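# Chain and residue survey
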Amino acid sequence: MEATLDSLLPPQFAHIALPPLREELSLHAGPALATGEPSYTLEDPVRNQFFRVDWLTFEVLRRWSLGSPQRVLDDIVQETALDIGLDDVEAVLGFLDQNQLLQPDPLGSIAVMSRRHKAQRGAWYTQLLHSYLFFRIPLVKPDRWLTRVAPSFEWLFSPVFLRLTLLALVLSGIQIYREWGRLGSMLMDTFTPTGLLCYGLALAGVKCAHELGHAIAAKRRGCRVPTMGLAFLVLWPVPYTDTNDVWRLNNKHHRQQVAAAGVATELIVAIWSSLAWAVLPDGVLRSIVFPLATTTWIATLAINASPFMRFDGYFVVSDWLDMPNLHARSFALARWDLRERLFGLGVPPPEYFPARRHWGLILFAWGVWLYRLTLFIGIAVLVYHFFIKLVGIFLFAIEMSWFILRPLATELRVWRDLWPAIRRTGRTRRSAMLLGLAVLLFVLPWPTRVQSSGVLRPSEVFPIHAPEHAMVSALPLKNGARVEPGQVMLQFAVAENASQRQGLEAQIESLRWRSEGAGFDAEQKAQSMVLREQLASAEAKLDLLKEQAARYRPAAPFAGTLRDMDAELAPGVWVGKNERIGVLVSDQGEEVSTYLDEDTVRRVAVGDSARFYADGLEGPFVRLQVTGIDQDATHVLPSGMWSAQHGGSVPAHDKQGYWFPERAVYRVTLKVTESPGPLAGHSWRGKVVIAADWEAPGTRLLRGVAALLWREAGF
């Protein structure tokens, strides 16, 4: 027969003398738990700490003066319906001793407290790490001052002010919706050193008002506010208010009001500042309230109202669910669930909850872990960039180790301790097989595709533009006509050009005759240099006239099809200078151009097949084949259409009208291997999908990490 815990306790435990409790401790009635069981609050006024205890612990503490565990046990069994044993009394004794709620032993307390203090402090590097990650500096003791001034803020809690604030929210929302474009432009214009300073001052003022809201709400409920000061989270200053006394309140709604008072204060500031910005004319006052109307919304909703960190939102949710230590309890449940899913140990959960709350707490824990992973990586990156590179790398490593690697290492140590039981389960073998499959999928090449934006256009295009002061004299070809090389596509009438050409030809003939006869006449021989210069000038003018004449009789430079001819063109119609008349499209087919970054272009080779999907068209794709890859990176994009801001796939920035890629990109040319159908003869923007070389997902990840480390190391 298996022994019970009571039988395993030392026999003398039942009759030992219980150590006395500290005299200054006090017990208060607490709220009823979700199970209907009463709870109680044990107050330690010296340290301003409060402990929520259950009914069993309360009954043990009530009878602590009986002197021995056996007497306490007997009295509880006789007077209550609780079914307890000596192990429960021992658990209460351990709780009191661990939290220093017993009177110290005059003889051995110094040594015990010294050992406990050293264990809590840890090694010197642990103390230094804790000081870097988080520490507090109390600045003021505001309790007396708050007692005097709290009644002056009573109007903030009145129904009238609440209705006015809701009305201000509606009015400001309507006005901001109307001026949304202007709000966005003002927000972008304020990203200057002066603007950022204003945002910082506004954020500091709002956070002080936030803490004052907590303090005033606590005083309204009769609670003490012993200290206010600054807390430093990764060296970032954040105001704090000690409102631990709120745990004495039995009413859950009162506790939630104090916990939510900071967020409510920030929302009030945000609403009235938004209304002021919406109704005030342009000027100094509107510029002052603008930072308050923008930063307050973001800081409140994204940080303080979130239950994923131990800020106001967490305490409100924790009290609403009636679950103190919500994070720790949900984490323990999620870790148990993970072990059961991986190893199937059959261990009972740390706590039993209804099914809905059970799964909700597990999902909540995973949400907190993902949120913190993102947040801590972001903080680590900011720390790295805001410090000297060597110091930044060191601090980055500290934060990653403490916030991410340390919890993983702790869980792995638990797995190590459970290893004898883990290796015997069938689910462990299944999990190992799934892990091996995931590793193979990570390291084996996949038939992935390369996608980027591209432009489909004819391989050769010759636009036809009108010359200056031109009138259409003949239209030998119609829109869509087939054109041979050298064939005249249309004619413009220019009489002035013909007369000038005849005069220049006559002048050239005369100058050439005089230059050839300069050797027989001494005077003409002396002027031979002048004659040659005049002849060269006249010939240049004639070439220019011939070039202009060619513009009045544009001929096809290659075989193709005439497209986009203006339907209103007819002989006798005058056209403006450089007006586009039509375009000659080559018969050599279409090609597609795209740009790939240096990590992707190495997977593409000449001859790879590809597809083109035109934007805005639902229909068949166009088959392509890679024909050329530039060996040198493109330093300036041909136009902004390739940039990510304009719907392209290349991250780039605009500088004085030129678009510069953020990283090295290479131009890739592809030819059309089948008839493009309705896309033929026109330029189309779309998506290019290239069947490039297979690549393992891990290869790209490792290459990206290596490139990042290489770049940040300064090589």
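Attention here is on the structure that accompanies the text. (Residues numbered from 1 in each chain as written. Predicted model: local features only at pLDDT ≥ 70, side-chain atom pairs only at ≥ 80, totals over all residues. Heavy atoms only, no water.)

## Notes on the overall build of the protein chain
Heads up, the rule is: Numbering of helices and strands runs from the N terminus; a helix is a DSSP stretch of H or I covering at least four residues, while a strand is a stretch of E covering at least two. Accessibility here uses a 1.4 Å probe with only protein chains present; expressed as a share of the type maximum, an area under 20% marks a residue as buried, one over 50% as exposed, and anything in between as partly exposed. Throughout, a contact is declared for two residues whenever any of their heavy atoms are within 4.5 Å. The protein chains shown are the only cover counted for residues, whose accessible areas, like all others here, come from Shrake-Rupley with a 1.4 Å probe.
Of the regular secondary structure elements, the protein chain holds 23 helices and 21 strands. Within the protein chain, buried positions represent 36% of all 715 residues. Within the protein chain, contacts between residues separated by at least 24 positions form 71% of all contacts whose residues are at least 6 apart in sequence. Accessible surface for the protein chain amounts to roughly 42,500 Å². Of this, 62% is attributable to carbon and sulfur atoms.

## A word on the pattern of salt bridges
Counted only if it meets this: Take a side-chain nitrogen of Lys or Arg and a carboxyl oxygen of Asp or Glu: if they are within 4 Å of each other, that pair is a salt bridge.
Scanning all chains against the criterion turns up 15 salt bridges. Of the charged contacts in the structure, one is a salt bridge between arginine 220 and glutamate 154, with a shortest N-O distance of 2.9 Å. Taken as a pair, arginine 220 in helix 10 (residues 193-220) and glutamate 154 in the loop between helix 7 (143-149) and helix 8 (159-178) lie far apart in primary sequence, 66 residues in all. Classification of arginine 220 by relative accessible area gives partly exposed; the value is 29%. Judged by its relative accessible area of 36%, glutamate 154 is partly exposed. When salt bridges with common partners are traced through the structure, they connect Glu59, Arg62, Arg63, Asp75 and Glu79 into a single cluster.

## Digging into the packing of helix 2 (residues 55-62) against helix 4 (residues 86-98)
A pair of packed helices is characterised by two quantities: the angle between their axes and the separation of those axes. The following threshold applies: Helix axes are fitted only over the stretch in contact, all axes being lines through C-alpha atoms; the angle between N-to-C directions runs from 0 to 180 degrees. Orientation is classified from the angle alone, with under 35 degrees giving roughly parallel, over 145 giving roughly antiparallel, 65 to 115 giving roughly perpendicular, and any other angle giving oblique. Residues are grouped as follows: nonpolar covers Ala, Val, Leu, Ile, Met, Phe, Trp, Tyr, Cys and Pro; charged covers Asp, Glu, Lys and Arg; every other residue, Gly included, is treated as polar.
Packing of helix 2 against helix 4 leaves a shortest axis separation of 10 Å and a crossing angle of 85°. One element, helix 2, and the other, helix 4, form an angle in the roughly perpendicular class. Taking contact as the criterion, the partners of Leu56, Thr57, Val60 and Leu61 in helix 2 are, on helix 4, Asp88, Val92 and Leu96. Grouping the constituent residues of the contact of helix 2 with helix 4 by class yields five nonpolar, one polar and one charged.

## Here's the deal with empty space enclosed by the protein
Condition: Put simply, the grid is 1 Å and covers the protein atoms alone, a cavity is a trapped set of points that fit a 1.4 Å probe, a pocket is an open set with protein on both sides within 12 Å along at least five of seven lines, and lining residues have an atom within 4 Å of a point. Grid points are joined across faces, edges and corners, and a volume is the space filled by probe spheres set on the points.
Inspection of every chain in the model, using the stated rule, returns one cavity of 30 Å³ or more. In this structure, the largest cavity spans a volume of roughly 40 Å³. Along the walls of the largest cavity sit Arg52, Trp247, Arg255, Ser318, Asp319, Asp322, Met323 and Pro324, which together make up its complete lining.

## Side note on the side chain of arginine 339
With respect to the helices and strands, arginine 339 occurs in helix 14 (residues 326-343). Beyond its immediate sequence surroundings of up to four residues, arginine 339 is in contact with Gly344, Glu411, Val414, Trp415 and Leu418.

## Description of the packing of aromatic side chains
The cut-off we apply is this: Ring pairs shown here join Phe, Tyr and Trp side chains whose ring centres sit within 6.5 Å, with only the six-membered ring taken for Trp; geometry is labelled stacked below 30 degrees between planes, edge-to-face above 60, and tilted in between. Ring-over charges, as used throughout, are those where CZ of Arg or NZ of Lys falls within 6 Å of the ring centre and within 35 degrees of the ring normal.
Tallied over the entire structure, the rule returns 12 aromatic pairs. For the ring pair tyrosine 314 and phenylalanine 315, a centre distance of 5.1 Å and an interplane angle of 70° mean the geometry is edge-to-face. Under the relative-accessibility criterion, tyrosine 314 is labelled buried at 2%. Considering the side-chain rings of phenylalanine 331 and tryptophan 369, the 5.5 Å spacing of their centres and the 35° angle between planes classify their relative orientation as tilted. Here phenylalanine 331 is found in helix 14, whereas its partner tryptophan 369 is found in helix 15 (residues 355-386), with 38 residues between them in sequence. Of the aromatic side chains, those joined through ring pairs into one cluster are Trp155, Phe161 and Trp272. Geometry around phenylalanine 157 places arginine 220 over its ring, the cationic atom sitting 4.1 Å from the centre. Over the ring of tyrosine 613 we find lysine 687; its NZ or CZ atom is 5.6 Å from the centre of that ring.

## What about the layout of surface pockets?
Of the voids in this model, the second largest pocket is the one considered here, and its volume is about 750 Å³. Lining the second largest pocket we find 30 residues, and of these Leu156, Phe157, Ala264, Thr265 and Ile268 sit closest to its centre. Going through the elements one at a time, helix 8, helix 10 and helix 11 (252-279) are the ones with two or more residues in the lining of the second largest pocket. Broken down by class, the residue content of the lining of the second largest pocket amounts to 23 nonpolar, five polar and two charged.

## A short note on the sheet that holds strand 2 (residues 40-44)
To be explicit about the condition: By definition, two strands form a pair when at least two bridges between them are found by DSSP.
The three strands lie next to each other as 1-2-3, forming an open sheet whose pairing is antiparallel. Two strands close off the open sheet at either side, each with one partner strand: strand 1 (26-29) and strand 3 (49-53). Put simply, the sheet's adjacent strands are angled 30° from each other on average, direction ignored. One ladder, built from four bridges, connects strand 1 with strand 2; its direction is antiparallel. What sits directly across from alanine 29, in strand 2, is tyrosine 40.

## Looking at helix 2
Buried residues dominate helix 2, accounting for six of its eight residues. Among all positions of helix 2, only Leu56, Thr57, Phe58, Glu59, Val60 and Leu61 are buried. Summarising the contacts, the buried residues of helix 2 are in contact with strand 1, strand 2, strand 3, helix 3 (69-79) and helix 4.

## Regarding the sheet that holds strand 7 (residues 450-458)
Ordered by their spatial adjacency, six strands build a closed barrel running 7-15-20-17-16-21, and the pairing between neighbours is antiparallel. The mean angle between the axes of side-by-side strands here comes to 40°, regardless of whether they run parallel or antiparallel. Two elements, strand 7 and strand 21 (residues 684-690), share seven bridges in a ladder whose sense is antiparallel. Bridge assignment links valine 450 to a residue of strand 21, and that residue is isoleucine 690.

## Brief notes about the pairing of strand 14 (residues 580-586)
Counting buried residues in strand 14 gives six out of seven residues, a clear majority hidden from the surface. Summarising the sheet, strand 8 (residues 461-465) and strand 14 pair through five bridges and their orientation is antiparallel. Bridge pairing links phenylalanine 462 to leucine 584 in strand 14. In terms of strand pairing, strand 12 (residues 560-563) meets strand 14 through four bridges, oriented antiparallel. Among the inter-strand pairings, arginine 563 is bridged to a residue of strand 14, identified as valine 583.

## What about the side chain of threonine 594?
Going by this rule: Any pair of nitrogen or oxygen atoms within 3.5 Å is treated as a polar contact; in protein, a donor-acceptor pairing is required on top of that, and neighbouring residues in sequence qualify only through side-chain atoms on both sides.
Among the structural elements, threonine 594 can be located in strand 15 (residues 590-597). Here serine 453 takes part through its backbone oxygen, which lies 2.7 Å from a polar atom of the side chain of threonine 594. Sequence-distant contacts of threonine 594, that is, excluding residues within four places in its chain, are made with Ser452, Ser453, Gly454, Trp642, Tyr666, Arg667, Val668, Leu670 and Val688.

## What about the environment of threonine 295?
Its location among the elements puts threonine 295 in helix 12 (residues 284-304). For the pair formed by threonine 295 and leucine 203, sequence separation is 92 residues and the distance between their alpha carbons is 6.7 Å. If sequence neighbours within four positions are ignored, threonine 295 has contacts with Tyr199 and Ala202.

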